Amino acid sequence: MNTETRSVSSTKETKNNKNKKKKKKERLNNFAYDFVKVTGAIPTVIALRPRILKPYGRCKVKGGFLISANHCSFIDPIVILCSFWSRRVYSLATKDLFSTKLKAFFFNCVNCIPVDKENFSLNSFHAVVKRLKGGKVVAIFPEGQVTVGSADVGAFKSGAILMANTANVPIVPLYLAPPRKWYHRRVAVLGSPVNVREMCGLRPSVTELDEVSKYLHERENELKEFYYSKYPEARSSEKSTEDA
């Protein structure tokens, strides 16, 4: 065996070892994620009593897709997990939550992707796109902030649109209704998938991205109105709060 053949063989062996380690790590992460999800299911159902409204039927998207949701409370990621129970959902989380080894271990186990909210980097962008291309599901809050207790849907930033377009995956809108009282059940309204690539093409302009963002925002408000049609008392409660 000559030197060149040995070099090629060694490179292949190194690559195979890396792939094995990667798959082993992914299996361990999946096990940890499923363990946390299953053990937390009973207290979650008791505390939140989540109800998922599906005006367009079940989400039948196979492979990767991006969940676009409004952000009305700090437990929204849990409600999203309940809405897509059969899938392992990745979520974006501020890097401050990864400040210690124990915290980093836990949030990695529950599929959180660390991001710097003040300076969203290309590394975070590529991390999301990589998972989407790999057939994973990623949840993102395009409002960019938490509007605690508010039923209003804030303006969407176009970053989520660019991620979905780059990975060539659909966006599934989800409206999360804020709880009127602490003991009220959490309600989510599931929308139909939006094919971003069909709307703005492979290399969209800033204007096209903004137009898709506005379209998604309109779809989110439609889901909000559907929620009000099922819970008219929620609209009355919101108006009473505004008048007060």
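Rules used in this analysis
- Residues numbered from 1 in each chain as written.
- Predicted model: local features only at pLDDT ≥ 70, side-chain atom pairs only at ≥ 80, totals over all residues.
- Heavy atoms only, no water.
- Helix = DSSP H or I, 4+ residues; strand = E, 2+ residues; numbered from the N terminus.
- Contact = heavy atoms within 4.5 Å.
- Areas by Shrake-Rupley, 256 points an atom, 1.4 Å probe, with all protein chains shown as cover.
- Buried < 20%, exposed > 50% of the residue type's maximum accessible area, 1.4 Å probe, protein only.
- Lys, Arg positive; Asp, Glu negative; His and termini not counted.
- Salt bridge = Lys/Arg side-chain N within 4 Å of Asp/Glu carboxyl O.
- pLDDT = per-residue confidence, 0-100.
- Phe/Tyr/Trp six-rings, centres within 6.5 Å; stacked < 30°, edge-to-face > 60°.
- Lys NZ or Arg CZ within 6 Å of the ring centre and 35° of its normal.
- Pairing = 2+ DSSP bridges.
- Axes fitted to C-alpha atoms, helices over the stretch in contact; angles between N-to-C directions.
- Patch = residues over 30% accessible without salt bridge, like charges linked within 9 Å, V, L, I, M, F, W, Y side chains within 5 Å.
- Charge placed at Lys NZ, Arg CZ, Asp CG, Glu CD.

(A) Layout of the overall build of the protein. A count of helices and strands for the protein gives nine helices and seven strands. In the protein, the share of contacts with a sequence separation of at least 24, taken over all contacts with a separation of at least 6, comes to 71%. Here the protein displays about 14,800 Å² of accessible surface, and carbon together with sulfur accounts for 55% of that area.

(B) Seen up close, the side chain of lysine 37. Summarising the element assignment, lysine 37 is placed in helix α1 (residues 3-39). Salt bridges are absent for the buried lysine 37, whose nearest opposite-charge side chain, aspartate 34, sits at 4.6 Å. If sequence neighbours within four positions are ignored, lysine 37 has contacts with Trp85 and Arg87.

(C) A look at the confidence of the model for the protein. On average, the protein scores 86 in pLDDT, and the residues at 70 or more come to 89%. The secondary-structure element of the protein with the lowest mean pLDDT is helix α9 (residues 232-243), recorded at 66, while strand β7 (residues 187-190) shows the highest, at 96.

(D) Structural view of the packing of aromatic side chains. Counted according to the given criterion, the structure contains seven aromatic pairs. Relative to phenylalanine 107, the ring of phenylalanine 98 lies with its centre 5.9 Å away and its plane at 45°, an arrangement referred to as tilted. Cluster of aromatic residues (ring-pair linked, three or more members): Tyr175, Tyr227, Tyr228 and Tyr231. Above the face of the tryptophan 85 ring, lysine 37 is positioned so that its terminal group lies 4.8 Å from the ring centre. Arginine 219 extends its terminal NZ or CZ atom over the ring of tyrosine 56, reaching a point 6.0 Å from the ring centre.

(E) Layout of the environment of valine 128. Within the secondary structure, valine 128 sits in helix α5 (residues 122-133). Once the C-alpha coordinates of valine 128 and leucine 66 are considered, the two residues, 62 residues apart in sequence, prove to be 9.3 Å apart. Apart from residues lying up to four places away in sequence, valine 128 is in contact with Leu92, Ile113, Val138 and Met163.

(F) Quick peek at the sheet that holds strand β3 (residues 89-94). Judged by pairing direction, the sheet is mixed, and its seven strands sit side by side in the order β1-β7-β6-β2-β5-β3-β4 without closing on themselves. Two strands bound the open sheet, and with one partner strand each, they are β1 (51-53) and β4 (112-115). Adjacent strand axes in the sheet meet at a mean angle of 30°, parallel and antiparallel pairs treated alike. Contacting β1, β2 (65-69), β3, β5 (137-140), β6 (171-177) and β7, helix α3 (residues 76-83) crosses the sheet at an angle of about 120° to β6.

(G) Structural view of the pairing of β5. Burial along β5 is two-sided: the face carrying Val137 and Ala139 and the face carrying Val138 and Ile140 are both buried. Two strands pair when backbone bridges link them, and β2 and β5 are joined in this way by four bridges, in the parallel orientation. Bridged to leucine 66 within β5 is valine 138. Inspection of the sheet shows β3 paired to β5 by three bridges, in the parallel sense. Paired with valine 89 across the strands is valine 137, a residue of β5.

(H) Spotlight on a nonpolar patch on the surface. Together, Phe31, Phe35, Val36 and Phe106 give the surface a local cluster of nonpolar side chains, amounting to about 420 Å² of exposed area. If you trace the backbone, phenylalanine 35 turns up in helix α1.

(I) Layout of a positive patch on the surface. On the surface, Arg49, Arg51, Arg185 and Lys230 cluster together into a patch of positive charge. By the secondary structure assignment, arginine 185 is in the loop between β6 and β7. Its relative accessible area of 36% is what places arginine 185 among the partly exposed residues.

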